[in-house]
Amino acid sequence: MSEATLPEQIRAHAMGRPDRRRDARLKVTGRATYAVEHETDDTLQAHLVLSTVAKGRIRQIHADEVRELPGVVDVIDHTNAPRVASDADPELAILQDDRVHYRGQVVAVVLAETAEQARAAAQQLRVDYDEEPARTEFDADSEGYEPDSVNAGYETATDAGDVEQALRDAEVVVDETYRTPYEHQMPMEPHATLGRWRGEGEADEDQPTLWLFDSTQGVHPAASTVAELMGLDAADVRITAPYVGGGFGSKGLPHPQVATVALAAKKHAGRWVRLPVTRQQMFTVTGYRTATVQHVRLGADSDGRLTAVDHRVLEQTSAIKEYGEQTAEVTRHVYATPNLRTAHRLVELDVSVPTWMRAPGVMPGMVGLEIAMDELAERCGIDPIELRRRNEPEVDPESGKPFGHRRLMECFDRGAREFGWEQRASEPRQTLEGDWWVGLGVATSTYPAHPAPGNTATVRSEPGERYTVAIGAADIGTGAWTVLAQIAADALEVDADRVEMRIGDTRDPKATVAGGSTGTSGWGSAIVAAALAFRKEHGDTPPPGLEATADAARNPAYKTFSLHSFGAQFAEVRVNRWTGEIRVPQMLGVFSAGRIVNPRLARSQLIGGMTMGIGAALFEESVRDPRFGHFVTQDLASYHVPAHADIRDVEAVWLDDVDPRANPMGLRGVGEIGIVGATAAVVNAIHHATGVRAGSVPVTADELLPRS
């Protein structure tokens, strides 16, 4: 492939600097306006009413009783809600009939003059049901079914070589089952939507039919979904989201509360409707990471070289809407083996719908694979890093394409030096310091680089030799306001303080969702294209008022190369010999992710992901009531996440790297890879400390105590 076909590279001047976040002062002073904080007149406050049965029909909703309560304006249910134009997304086609598909389904919404009145009335609304038998328990022994594809369109199953024969012939075999739990995203800002349907007779053509302020990871994708649901043209739906307080995937797609506001606003056209989802309701309404049961079989020779890999996954989906996590897909790209098989099967339950959570598929998939690799290293008597070195592929094992930038072993080598890996005992349960068993563990980290087509940007010259750059991107706390300005500055060859960003609104040019580590890559590529087009059309010293718009060019390198980020995760774990208490005093991640546009923000993203990985290893688990299918962990007192005292010395560093094939900036994204491998590194360190091999996460103290 000649360099002429690769993306046109821009020189780094602003990129690479640890600029402070442009939105930092607004956020710490409370002046950054989130979805339901926008000031509106004549606003109705909404509160959701959720079903209390797992499956059945609504016999009666006693709405008249609460309509008489102080401040109540309306109770909307299936008997009086506006009709949707499309049921293509069953999760959003709510309040349309008397069917109940899962416990926690939206069956009504109460509108009142104050939030307190709406909540009080919703709590008093009585709903009678005719219950039906429901399947609500994830049975690990279930056969399940094979979906047509899994998330992101990946193949459900792959099979290369003769896995069964290779396993029979293998000198060393690992044959184990690993489990990951249900998890919830729980961003700091709860899901929330504020919306208004244009009133009858309003003649302002500049106003859309439906305007939503929504906490979303993608204003344009959300607007398209809502437009289809409500039978509108996309141009008739405006969504605004300048500031979003975290998402972790849960805000990547609209959920029932968005549909609720659209329906309520249409019924009360001309009035704003404000709906914040409570923290408790988020455990049902806004998605979660599905549990997985992973059967991993590895075959190897006595030197640890893989001869077969078989990774089969059973996971849960919803009867109302299929979602298949691509858990085993990552295994297709990590290690060299002549015989490789992956498969996914889904168990359909009458429960709420799972969705994306940080590094969907890749994170849980690498838990199973990397614990299995640690077991293989132990059985072969080989250092875990050396085992991975011996199984480095020359090309992508699935596609046969050369890797664009695979520097995995460089990450391991640097991490080993900085972490003091040479001091690690060769056998488990060898190091006791006081009352604490000490262990070190590692795991591979990887995440694909996606091209993210479908982004457009506009550059406009302003007075004072300044520029405005507009794109409908979303800053979900990752720093898009800042890094996109740095990219634009280098493409325009000006200082970053001369660039003003405009993001977070469907009135800005089209942008893809903030997810899959594609935001900075896809949006930045469009900004570079628009900046280069502007300079070509108007020169480097333009008068004010000129502009240029361009789409991100398609990158042919993705057809020729396998583009991924890689990393090495190192964890030290201490386990109390008497209580089983687990501590993680230090953790190090070394990554190869292409150019780092802003080191300050990249480090924050990486250590944030690693912290979530520690949480997954030790704390996070949503518990489902098998009788009704709802989660009984419904707040942050029962759903445990790491606190400051749990996170000691967590550090992330990276190789000096620019990937010329990925995009004009030479970057591959850092939002997802920090969590990948982190959980497995902690679990592997626990085994090294105690000799106890955990087959599921989170690992709890009782599993590590001696059995009498």
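As a reminder, the structure under discussion sits directly above these lines.
Residues numbered from 1 in each chain as written. Predicted model: local features only at pLDDT ≥ 70, side-chain atom pairs only at ≥ 80, totals over all residues. Heavy atoms only, no water.

Undergrad: Talk me through the side chain of Asp-310; I want residue IDs and the actual numbers.
TA: Here Asp-310 is to be found in strand E16 (residues 306–318). The exposure class of Asp-310 is buried, given its relative accessible area of 0%. Within the local environment of Asp-310, its side chain forms a polar contact with the side chain of Arg-297, the two groups lying 2.7 Å apart. Polar contacts involving the side chain of Asp-310 include one to the side chain of Arg-341, which spans 3.2 Å. (Helix = DSSP H or I, 4+ residues; strand = E, 2+ residues; numbered from the N terminus. Buried < 20%, exposed > 50% of the residue type's maximum accessible area, 1.4 Å probe, protein only. Polar contact = N/O pair within 3.5 Å; in protein donor to acceptor, adjacent residues only side chain to side chain.)

Undergrad: Go over the packing of aromatic side chains with me, naming the residues and quoting the values.
TA: All chains considered together, the criterion is met by 14 aromatic pairs. Relative to Trp-272, the ring of Phe-213 has its centre 5.8 Å away and its plane inclined at 35°; by these criteria the two rings are tilted. With Phe-213 in strand E12 (residues 210–214) and Trp-272 in strand E14 (residues 272–276), this pair connects stretches of sequence that are 59 residues apart. Put simply, the rings of Phe-412, Phe-419, Trp-421 and Phe-570 touch in pairs and so form one group of aromatic residues. Of note, Arg-103 hangs over the ring of Phe-628, and the distance from its end group to the ring centre comes to 5.0 Å. Over the face of the ring belonging to Tyr-182 we find Arg-624, whose NZ or CZ atom lies 4.4 Å from the ring centre. (Phe/Tyr/Trp six-rings, centres within 6.5 Å; stacked < 30°, edge-to-face > 60°. Lys NZ or Arg CZ within 6 Å of the ring centre and 35° of its normal.)

Undergrad: Give a detailed account of empty space enclosed by the protein, specifying residues and quantitative values.
TA: Under the criterion given, the structure shown has three cavities of 30 Å³ or more. There is about 50 Å³ of room inside the largest cavity. Along its surface, the largest cavity is lined by Glu-329, Val-330, His-333, Val-362, Thr-446, Tyr-447, Pro-448 and His-564. Of all the elements, strand E19 (residues 436–448) adds the most residues to the lining of the largest cavity, at three residues. Split by residue class, the lining of the largest cavity holds four nonpolar, three polar and one charged. Counting residues per element, the ones that place at least two in the lining of the second largest cavity are strand E25 (582–592) and helix H15 (599–618). With three residues, the top contributor of residues to the lining of the second largest cavity is E25. (1 Å grid on protein atoms, 1.4 Å probe; cavity = no way out; pocket = protein on both sides within 12 Å on 5 of 7 lines; lining within 4 Å. Points joined across faces, edges and corners; volume = space filled by probe spheres on them. Nonpolar A, V, L, I, M, F, W, Y, C, P; charged D, E, K, R; others polar.)

Undergrad: Break down helix H6 (residues 256–267) for me, citing the residues and quoting the values.
TA: A rise of 1.5 Å per residue sets the reference length of H6, with its 12 residues, at 16 Å; its end C-alpha atoms lie 17 Å apart and thus fit the reference within 8%. H6 sits mainly inside the fold: 10 of its 12 residues count as buried. Those residues of H6 lying buried are Pro-256, Gln-257, Val-258, Ala-259, Thr-260, Val-261, Ala-262, Leu-263, Ala-264 and Ala-265. (Expected span 1.5 Å × (residues − 1).)

Undergrad: Any chance you could break down the packing of helix H12 (residues 480–492) against helix H13 (residues 519–538) for me, citing the residues and the numbers?
TA: Following both chains from N to C, one finds H12 and H13 inclined at 35°, their axes separated by 9 Å at the closest point. Like other packed secondary-structure pairs, H12 and H13 cross with a definite hand, here right-handed. Residue-level inspection shows Ala-480, Val-483, Leu-484, Ile-487, Ala-488, Ala-491 and Leu-492 of H12 in contact with H13, the latter providing Thr-520, Trp-523, Gly-524, Ile-527, Val-528, Ala-531, Leu-532 and Arg-535. Residues of the contact of H12 with H13, tallied by class, amount to 12 nonpolar, two polar and one charged. (Axes fitted to C-alpha atoms, helices over the stretch in contact; angles between N-to-C directions. Left-handed = near helix turned anticlockwise from the far one by under 90°. Contact = heavy atoms within 4.5 Å.)

Undergrad: So what about H15? Which residues, and what values?
TA: For an α-helix, 3.6 residues make a turn, and residues three or four places apart therefore share a direction. When the terminal C-alpha atoms of H15 are compared, their 28 Å separation across 20 residues agrees well with the 28 Å that a helix rising 1.5 Å per residue should span. Across the 20 residues of H15, 14 count as buried, placing the element largely inside the fold. Structurally, the start of H15 carries an N-cap: the backbone nitrogen of Arg-600 is 3.1 Å from a side-chain oxygen of Asn-598.

Undergrad: Describe a negative patch on the surface, listing the residues and the values that go with them.
TA: On the surface, Glu-146, Asp-148, Glu-322 and Glu-348 cluster together to form a negatively charged patch. Within the fold, Glu-146 resides in the loop between strand E6 (127–131) and strand E7 (149–150). (Patch = residues over 30% accessible without salt bridge, like charges linked within 9 Å, V, L, I, M, F, W, Y side chains within 5 Å. Areas by Shrake-Rupley, 256 points an atom, 1.4 Å probe, with all protein chains shown as cover. Salt bridge = Lys/Arg side-chain N within 4 Å of Asp/Glu carboxyl O. Lys, Arg positive; Asp, Glu negative; His and termini not counted. Charge placed at Lys NZ, Arg CZ, Asp CG, Glu CD.)

Undergrad: Explain the environment of Tyr-182 to me, and be specific about the residues and the numbers.
TA: Here Tyr-182 shows up in the loop between strand E10 (172–180) and strand E11 (192–197). Ignoring any residue separated from it by four or fewer positions in sequence, one finds Tyr-182 in contact with Phe-138, Tyr-288, Arg-289, Thr-290, Ala-291, Gln-316, Leu-349, Glu-621, Ser-622, Arg-624 and Phe-631. A polar contact is formed between the side chain of Tyr-182 and the side chain of Gln-316, at a distance of 3.2 Å.

Undergrad: How would you explain the pairing of strand E5 (residues 106–112) if you had to name every residue and give the values?
TA: Consecutive residues of a regular strand have side chains that alternate between opposite faces of the sheet. The buried fraction of E5 is high, at seven of seven residues. One ladder, built from six bridges, connects strand E1 (residues 43–50) with E5; its direction is antiparallel. Considered in E5, the bridge of Val-49 is made with Ala-108. (Pairing = 2+ DSSP bridges.)

Undergrad: Can you explain the nonpolar core? Please cite residues and give values.
TA: In this structure, Ile-471, Leu-484, Ile-487, Val-499 and Met-501 are the most contacted members of the largest nonpolar core, which totals 84 residues. Sort the elements by how many residues they give to this core and H12 lands first, with 10 residues. Val-309, Val-676, Ala-681 and Ile-686 belong to the second largest nonpolar core, which has 66 residues in total. (Core = buried A, V, L, I, M, F, W, Y, C linked by side-chain atoms within 4.5 Å.)

Undergrad: So what's going on with the sheet that holds E10? Residues and values would help.
TA: The five strands are arranged E9-E17-E16-E15-E10 in an open sheet whose pairing can be described as mixed. Two strands in the sheet have a free side with no partner beyond their single neighbour: strand E9 (158–160) and E10. The average angle at which neighbouring strand axes cross in this sheet is 15°, direction not considered. Packing of helix H9 (residues 362–380) onto the sheet brings it into contact with E10, strand E15 (292–300) and E16, and relative to E10 it is tilted by some 150°.

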